[in-house]
Amino acid sequence: MEFVFPSSTDRKGRSAHEKVTFSGKWSMLLFGHLQIMIKNYLISVWRYFLRNRSFTTINILGLVIGMTAFLLIAQFVFHELSYDKFWGNANRIFRVQLDRYDKGELSTQWAAGCNGIGPDLKANFPEVKYYVRLHGSDALLAHGDIFFKEDGVYFASQDFFKVFGYPLIAGEDSTALKGLNKIVLSRAMAKKYFGSEDPMGKMMRNNGKEEYLVTGVFEDLAENSHMKVDALLSFATFAKLAGKKNETELNQWEWDGFLTYLLLGDHADAKKLEAKLPDYVTKREGEFLKSFNAAMVFHLMAVNDIHLDSDFIGEFKANGNREAVYFLSVVAVLIIVIAWINYINLSTAKSVERAREVGVRKVMGSFRSQLVQQFLVESFLLNTIAVAAAIGAVLLLSPWFSHITDRNLGYTLLQQKLFWGFAALLIVGGSLLSGLYPAFVLSGFKPVEVLKGRFKNSGKGVFFRKGMVVAQFIASITLIVGTYTVYTQINFMRTQKLGVSIDQTVVMRSPNIVDSTYSQKYEVFKQRLAQYSEVKAVCASTSIPGGSPDWNAGGIRRLSQREDEQKQYRVIMMDHDFIPQYGLEVVAGRPFSGDTPNERKTVLLNESAAKLMGFEKPENALNDQIFFWGDTFRIVGVLKNYRQESLKKNFEPLIFRYNKSPGGFYSIKFNTSNVKESLAKFEEQWKELFPGNPFDYFFLDEHYNKQYKADQQFGNVFGLFSGLAIFIACLGLFGLSSLTAIQRTKEIGVRKVLGASVSNILTLVSRDYIILMGVAILLATPLTWWVMNNWLNGFANRITMAWWIFAMPSLMVMVIALLTVSIHTLKAATTNPVDSLRYE
C-alpha cells in the first residue's frame, strides 16, 4: 500500500512519497519473512512431535492432567472466595459476633448473639446507617391444603432489604416487613405454595395459628451465600409472640440467639467502630457483668468473610473453611509446578538426542536467538494444546467434581472473563516457565563439539535435573503424607466409642400444630409404636446426638454458691426413656423416672457439668441443689460423658431436665430389617394423632456422621489430587528413566558382556533414584510434620504424628517410583548385549 503526502525531499533527494513507498515495501517484506519463519517453526515442531510420539505424549499427558487438576481446584477456590459478594452493599455489611467470657475464660462464641445490640449500636454510633436482626422460626407454613415444614424461615426486622441492598421482585422494601403478621417469600417459596398465582396480598398460616399477609417476593438467594433464607416474617410479630408490646421491649443483652447485621456509612471504618465497642459495653452493662465476673466482647465480621471464617453458635448452615481453601490452592500450585518440572526435565534430558539438530542448524546459519524462539514455540504449542484439552476435561468433569465437593459449581466460572484471562496466563506463563531453561540449554550447544560426537550432558545440567526430581517428590510425598494424615484423623474420630447408641434409630421432629391434648397424644403415640414387634423404644427430647443443644443457659449455680460464681451450661430436656434408649451410663445416682412424683424439679448432670460446678467426685453432686433461672432443682444423678457432638470438640457441660413430653425430636429405635414397612406403620399413626403435620424423618447415624462430612470431602479432594500429583511425577520419571536407559544402552551391554546380572544392572540404575527419593523424604518429613500438626491442632481429639504416618506413604511413593524406573531398565537389561553394543 502507498501513502501519498505533499512532496518534499530529504538530504538524499528522495521525496516523502518515495520514502513511504520504500518503507511500506520493507514492512511487507518483514511481515512476509515473519510469516515464513513462524510457519517454519511450526513445521519443525510438528515434525519433531511426530518423530518423538512417546516423548510428546508423556509431556502433553502430564501437562493436561496437571492443568485439569489446577483448573478444577481453581474453580472451587474461586467459588469459595465469591461468597456474599452479590449483595448490593456487600463492602459495607458487617455481622456482629459475640464472645462471652466467664471468669476471664472464653465460654461461648455466638454468630447469633444478644438481641439488643443492633438497635443500641444504631442509636449510639453515627457510623451505623441501618441494622437488621433475625431469629429462626420453627415454621410449618400452609396455604389452603398445601403445607410444609420449613427450615429457612426467619423473623427479620424491617430494614432487611435496605441493609443487604437486595431488591424485591414484588412489594416495597421499606414496608414489606413493617408491622404485624407480614411475610415475604422467595421466588421458589412463592411458586411452591401459590404455583402460577400472584401471592401478593394473600394469606398464609404458620404453625396452624398465626395468619400472615404476603407483602413481598424476593429473588432466590444465590448458591454462594452464607444465608439460607426462604421466607421472612416481620419482627414485630416475634415481639408479640414473646409477650412484648413492641420490638423495643426486646432490646436486652441477656437473650442470645439473634443474628445482627449492620450497614455502615460510606466512609465509616469498621475497625475503628469495633475499637469503640468495649467502652460502650462497659458503660451500658459494666456493673451487671462485673457482678457475675463475666464479660462480653463484640466483633464486626465482614459479610464476605463469614463463609470461610465463621464457625460459631447459631450459623445459618455449615460454612466453609479458609484453611482448607488455602490447602487446596497450594495443592493446585504444586501439581502444575510438578507438570512443568516434568517438561523441563524431559526436554533437557533429551538434549543429547537433539544436540546434532542444534549443531546442524547453527552450521547452516541459525542464530542462538532463533533457536531459543523455536524451542519457545515448541513449549507454547504444547502448553496451548494442554490448556485446550484441560478446559475440555474441566467441562466434562465439573458435574462430578461438584458432587464430591458438595458445591454447585456449574459452568459459571467458564463464562467469566477472569477465567479466560487466567487460562491465557497459564499458557504464556507455562510456556515461559517450562520453556526458557530448556531453550537456553539446547541453543547453547557448540556445533563443532556436537558434530564431532564429543558432546555429553554437563554436570550442571544433570545436577539441575536431579534437583527438579527431588523437588517433584518433596511435593508428592508432602501431599500423600498429608492425605494419609487426614484419612487417619477422620477414621480415628469415626471409630472412637461415642458413649451413646445411635444405630437403628429414626428421628422425626415433633409436631408444630398441637393443642392442649398434646401430652396425651404423645403418650398414645409411644404406646401404639411400642406394640409393633420391631420397635425397641421410643423417647422424646429437645436435642439429639449429632449437634449442639439449642438451649444454652447462663446464670446457673449451686444454691450454696454466690451469684458471681454462676456459669453457662447446655441444657437438654428429655423424657424418662431417653437415657436407657440411648444407652447412656449413669455413674452416680439414678436416671429419670416416669413414676416419681415431682420429677420435673430434678436434674441430671454429665461429668463435665459436675466438674464445672465444683464437685470433685460425681457422687458428691447427689441431692445438691442448683439455681436455674429463678427456680431450684435437685441433682439426682450424674451421667458419664458421651459424645453429644463430634470429636472435633471437647465434652460440653450438659444439664438434663425432665419433661414427660418435651417438644423437639421423637427418637424410635427399631429393627431395621424391613425399614419401608416399619416407616409406613409409623406414618400411619403419626397422621392419625398429629393431622396437619408433615411426616418428616431422618436416620440418626447419617445425621451424626454429617458432622464429619466437610472433613471427609476435604480428605477425598485432597487425596484425589495428591494421587494425581504422584501420577504426574511418576509419568515424568517414566520418561526420564526411558531416556536414561537409551543413553546408557552401550554401557549396559558392556556390563552384561563382563558378567553383570539383570539384578546388578537394576540395582545400578535404580541406585541414583533411590538416593534422590531418600533426599526427598528427608526434606519432606519436617515440612509435612509442621503443616499437618498445625491442621490437627484444630481438633480437640486428635491423633499423634507417629513415625509410621510418614514411613508408610513414603515407602509407597518409593516403591511406585522404583517400579516406574524398572520398566525401562528391565527392558534394557534383558536385551541381547550384541544388539546393545551395535546401538548408534
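Residues numbered from 1 in each chain as written. Predicted model: local features only at pLDDT ≥ 70, side-chain atom pairs only at ≥ 80, totals over all residues. Heavy atoms only, no water.

Draft legend 1. Spotlight on the overall build of the chain. Of regular secondary structure, the chain possesses 24 helices and 25 strands. Long-range contacts, defined here as pairs at least 24 residues apart, represent 80% of the contacts in the chain between residues at least 6 apart. For the chain, the computed accessible surface area is about 39700 Å², with 58% contributed by carbon and sulfur atoms. (Helix = DSSP H or I, 4+ residues; strand = E, 2+ residues; numbered from the N terminus. Contact = heavy atoms within 4.5 Å. Areas by Shrake-Rupley, 256 points an atom, 1.4 Å probe, with all protein chains shown as cover.)

Draft legend 2. Geometry of the environment of Thr384. Following the sequence through the fold, Thr384 ends up in helix 11 (residues 368–405). Look at Thr384 and you get partly exposed, because its relative accessible area is 25%. Note: C-alpha distance between Thr384 and Ala424 (40 residues apart in sequence) is 8.7 Å. A polar contact is formed between the side chain of Thr384 and the backbone oxygen of Phe380, at a distance of 2.7 Å. (Buried < 20%, exposed > 50% of the residue type's maximum accessible area, 1.4 Å probe, protein only. Polar contact = N/O pair within 3.5 Å; in protein donor to acceptor, adjacent residues only side chain to side chain.)

Draft legend 3. Broad picture of the pairing of strand 12 (residues 231–234). Burial along strand 12 is two-sided: Ala231 and Leu233 facing one way and Leu232 and Ser234 facing the other are all buried. In terms of strand pairing, strand 9 (residues 182–186) meets strand 12 through three bridges, oriented antiparallel. Of the residues in strand 12, the one forming a bridge with Ile183 is Leu233. (Pairing = 2+ DSSP bridges.)

Draft legend 4. Fine view of helix 5 (residues 187–194). Among all positions in helix 5, only Met189, Ala190, Tyr193 and Phe194 are buried. Viewed end-on, helix 5 has its buried residues packed into an arc of 105°, placing them on one side of the element. Positive backbone phi, at 60°, marks Gly195, one or two positions downstream of helix 5. (Arc of directions from axis to C-beta.)

Draft legend 5. Structural context of the pairing of strand 18 (residues 567–574). Here strand 18 lies mainly inside the structure; eight of its eight residues are buried. Side chains Lys567, Tyr569, Val571 and Met573 of strand 18 all project onto a buried face; the interleaved residues Gln568, Arg570, Ile572 and Met574 project onto the opposite face, where all are buried too. Relative to strand 18, strand 17 (residues 551–558) runs antiparallel, the two sharing four bridges. Each bridged residue has a counterpart across the sheet, and for Ala553 the counterpart in strand 18 is Tyr569. Across five bridges, the pairing between strand 18 and strand 23 (residues 654–658) is parallel. Bridge pairing in strand 23 links Val571 to Ile655.

Draft legend 6. Seen up close, the pattern of salt bridges. Overall, the coordinates contain 30 salt bridges when judged by the stated rule. As a salt-bridge pair, Glu150 and Lys192 come within 2.8 Å of each other at their nearest N and O atoms. Of the two residues, Glu150 is situated in strand 6 (residues 146–150) and Lys192 in helix 5; the sequence distance between them amounts to 42 residues. Measuring nitrogen to oxygen at the nearest pair gives 2.7 Å for the salt bridge that ties Asp309 to Arg322. Placement of Asp309 in helix 8 (residues 306–309) and of Arg322 in helix 9 (residues 322–349) is noted, with a sequence separation of 13 residues between them. Since its relative accessible area comes to 35%, Asp309 is described here as partly exposed. Owing to a relative accessible area of 19%, Arg322 belongs among the buried residues under this scheme. Salt bridges here are not isolated pairs; linked through shared partners, they connect Asp120, Arg284 and Glu285. (Salt bridge = Lys/Arg side-chain N within 4 Å of Asp/Glu carboxyl O.)

Draft legend 7. Main features of the side chain of Glu599. With respect to the element layout, Glu599 can be found in the loop between strand 19 (586–589) and strand 20 (602–606). Judged by relative accessible area, which is 3%, Glu599 ranks as buried. At a separation of 2.8 Å, a polar atom in the side chain of Glu599 contacts the side chain of Arg590. Other than its neighbours up to four places away in sequence, Glu599 contacts Arg590, Pro591, Phe592, Ser593 and Tyr658.

Draft legend 8. Structural detail: the environment of Gly723. Checked against the element boundaries, Gly723 lands in helix 20 (residues 709–743). On the basis of relative accessibility, which here comes to 34%, the residue Gly723 falls in the partly exposed class.

Draft legend 9. Just the packing of aromatic side chains, in detail. For the coordinates displayed, the defined rule picks out 46 aromatic pairs. An angle of 75° between the planes, with centres 5.7 Å apart, marks the rings of Phe238 and Phe258 as edge-to-face. You can see Phe238 sitting in helix 6 (residues 235–241) and its partner Phe258 sitting in strand 13 (residues 256–264), a full 20 residues away along the chain. Each member of the pair, Phe238 as well as Phe258, is classed as buried. (Phe/Tyr/Trp six-rings, centres within 6.5 Å; stacked < 30°, edge-to-face > 60°.)

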